[in-house]
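# Descriptive analysis of the structure
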There are 2 protein chains.
Amino acid sequence: MTKHSGCPTETTLALIAGKWKVMVIYWLLKEKRRFNQLQRDLSGITPRTLGKQLKEMEQDGLLKRVDYGEIPPRVEYSLTSLGRSLEPILIAMEEWAQLNGEKIPARKKQRHLENSLEIKD
Amino acid sequence: MTKHSGCPTETTLALIAGKWKVMVIYWLLKEKRRFNQLQRDLSGITPRTLGKQLKEMEQDGLLKRVDYGEIPPRVEYSLTSLGRSLEPILIAMEEWAQLNGEKIPARKKQRHLENSLEIKD
DNA sequence: ACAAGTACTATCATTTAGGATACTGTTGAA
DNA sequence: TTCAACAGTATCCTAAATGATAGTACTTGT
């Protein structure tokens, strides 16, 4: 009952919880960018996934897509003011991690360990 | 995922991105709670999922589990200071949503609409 | 004697996110 | 003339998250 509940915190969370969305916002905070440029910035993302994340963020009102109707195509993505207004929250999360990062036991690695042990057994 | 990069923002995000974790934190901010009490609080969660979320949060250092070794069992969950230190971030997200909620086109609801239309068709 | 509460775990199924790969049509460059 | 670049889409697939359901061992209340 997180997203179906009206909890505002989860509303905000849902907007940035995609695997690449925070990084998309970070790149677009610097300046507007074109599709293939973003794909190069976010090393490792596939065009399908990038397209989905961008479309969702556009639907959420976080960024706007401008298609110049040229050939070869030129499409520019930039943050809306709504998207830019998330920056303080992202910075707060960044600072929190920098302050408390040492206190967070690395759960991922533990899980890895568990798996290898299970396999050996 | 999001953790593959060393981005601190994503580190923080990963800690609260589980489907029920924000609500778990909210309840535990009020006071410590037992397992079945939390299950009642988070109406709709299954014990399996609650157990997983709690275990992850414990491994992440956000909460501590105290087993009193009694029978019938009594186990109490409470936030650590690390867990409590997330409160300002959650509040920031809450306030952001309350401020900007109207500007967010409801993507979820749109999808719902699509689905019902598809079913009717 | 029997049900309910306690804190879970085990097994199976479903849903969803994301990845791999291939492809589109057009243009300008080699 | 063949190639890369552009901004994607289409199809298929895997992995991870979450849900449904049932069951554990024990005790207290009726």
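Cut-offs and rules
Residues numbered from 1 in each chain as written. Chains lettered and ligands numbered in written order. Predicted model: local features only at pLDDT ≥ 70, side-chain atom pairs only at ≥ 80, totals over all residues. Heavy atoms only, no water. Least-squares fit on C-alpha atoms with pLDDT ≥ 70 in both. Contact = heavy atoms within 4.5 Å. Salt bridge = Lys/Arg side-chain N within 4 Å of Asp/Glu carboxyl O. Buried < 20%, exposed > 50% of the residue type's maximum accessible area, 1.4 Å probe, protein only. Helix = DSSP H or I, 4+ residues; strand = E, 2+ residues; numbered from the N terminus. pLDDT = per-residue confidence, 0-100. Near = heavy atom within 4 Å. Polar contact = N/O pair within 3.5 Å; in protein donor to acceptor, adjacent residues only side chain to side chain. Nonpolar A, V, L, I, M, F, W, Y, C, P; charged D, E, K, R; others polar. Pairing = 2+ DSSP bridges. Axes fitted to C-alpha atoms, helices over the stretch in contact; angles between N-to-C directions. Buried area = accessible area lost by both parts, 1.4 Å probe.

## A short note on the relation of the copies chain B and chain A
With an RMSD of 0.1 Å, the fit of chain B onto chain A corresponds to turning through 180° and sliding 0.0 Å along the axis. Accordingly, the operation relating the two chain copies is best matched by a two-fold axis. Looking at the interface residues of chain B, 95% of them are also at the interface in chain A, so both copies use one shared face.

## Observations regarding the pattern of salt bridges
Counted under the stated rule, the structure contains twelve salt bridges over all chains. Between Arg33(B) and Glu31(B) there is a salt bridge, and its shortest N-O distance comes to 3.7 Å. Assessed through its relative accessible area of 9%, Arg33(B) is described here as buried. Taken together, the shared-partner salt bridges connect Glu31(A), Arg33(A) and Asp41(A) into one network.

## As for the environment of Asn36(B)
Structurally, Asn36(B) is set in helix α3 (residues 35-41). A C-alpha to C-alpha distance of 9.5 Å links Asn36(B) and Leu50(B), two positions 14 residues apart in sequence.

## Digging into the confidence of the model for chain A
Put simply, chain A has an average pLDDT of 86, and 84% of its residues get 70 or more. Overall, residues 109-121 of chain A carries pLDDT values under 50, and its contacts beyond four positions in sequence, including any with other chains, amount to one contact.

## Observations concerning the protein's contact with DNA strand C
Around DNA strand C, 21 residues are found, and the nearest of them are Lys19(A), Ile71(A), Arg34(B), Arg65(B) and Tyr77(B). Considering DNA strand C, the proportion of its atoms within 4 Å of the protein that are sugar or phosphate atoms stands at 65%. Contacts to DNA strand C include Pro73(B), whose backbone N or O atom sits 2.9 Å from a sugar or linking oxygen. Within the residue set of the surface near DNA strand C, elements represented by two or more residues are α4 (47-59) of chain A together with α3, α4 (47-59) and β3 (75-79) of chain B. For the surface near DNA strand C, the residue count by class is eight nonpolar, five polar and eight charged.

## A short note on the protein's contact with DNA strand D
In the vicinity of DNA strand D there are 23 residues, among which Arg34(A), Arg65(A), Tyr77(A), Lys19(B) and Ile71(B) approach most closely. Sugar and phosphate atoms constitute 66% of the interface atoms of DNA strand D, taking the interface as everything within 4 Å of the protein. At 2.3 Å from a phosphate oxygen of DNA strand D is found a side-chain nitrogen or oxygen belonging to Arg65(A). One of the side-chain nitrogen or oxygen atoms of Arg48(B) is found 3.1 Å away from a base oxygen of DNA strand D. Those elements giving two or more residues to the surface near DNA strand D turn out to be α3 (35-41), α4 and β3 (75-79) of chain A together with α4 of chain B. Ranked by residues supplied to the surface near DNA strand D, first place goes to α4(B) with four residues.

## Comments concerning the sheet that holds strand β1 (residues 33-34) of chain A
The pairing of strands in a sheet comes from backbone hydrogen bonds and takes either a parallel or an antiparallel form. Residues and elements named next belong to chain A. Pairing in this open sheet of three strands is antiparallel, and the strands run β1-β3-β2 from one edge to the other. Both outer strands of the open sheet, β1 and β2 (63-67), are each paired with one neighbouring strand and no more. Inspection of the sheet shows β2 paired to β3 by five bridges, in the antiparallel sense. By the bridge assignment, Arg65 is partnered in β3 with Tyr77. Helix α2 (residues 21-30) rests against β1, β2 and β3 of the sheet, and its axis sits at about 95° to β3.

## Considerations on the interface of chain B and chain A
How large an interface is tends to be reported as the accessible area lost when its parts come together. The interface is formed by 44 residues belonging to chain B together with 43 residues belonging to chain A. In total, about 3900 Å² of surface goes out of reach between chain B and chain A, with carbon and sulfur atoms giving 68% of it. Considering only the side of chain B, the residues that lose the most area to chain A are Thr9(B), Trp96(B) and Arg107(B), jointly responsible for 18% of the buried surface there. Across the chain B-chain A interface, the total number found is zero salt bridges. Here chain B is connected to chain A by six residue pairs in polar contact (both at pLDDT 80 or more). Going through the elements one at a time, α1 (8-16), α2 (21-30), α4, α6 (87-100) and α7 (107-120) of chain B are the ones with two or more residues in the side of chain B that touches chain A. Taken together, the residues that form the side of chain B that touches chain A break down as 22 nonpolar, eleven polar and eleven charged.

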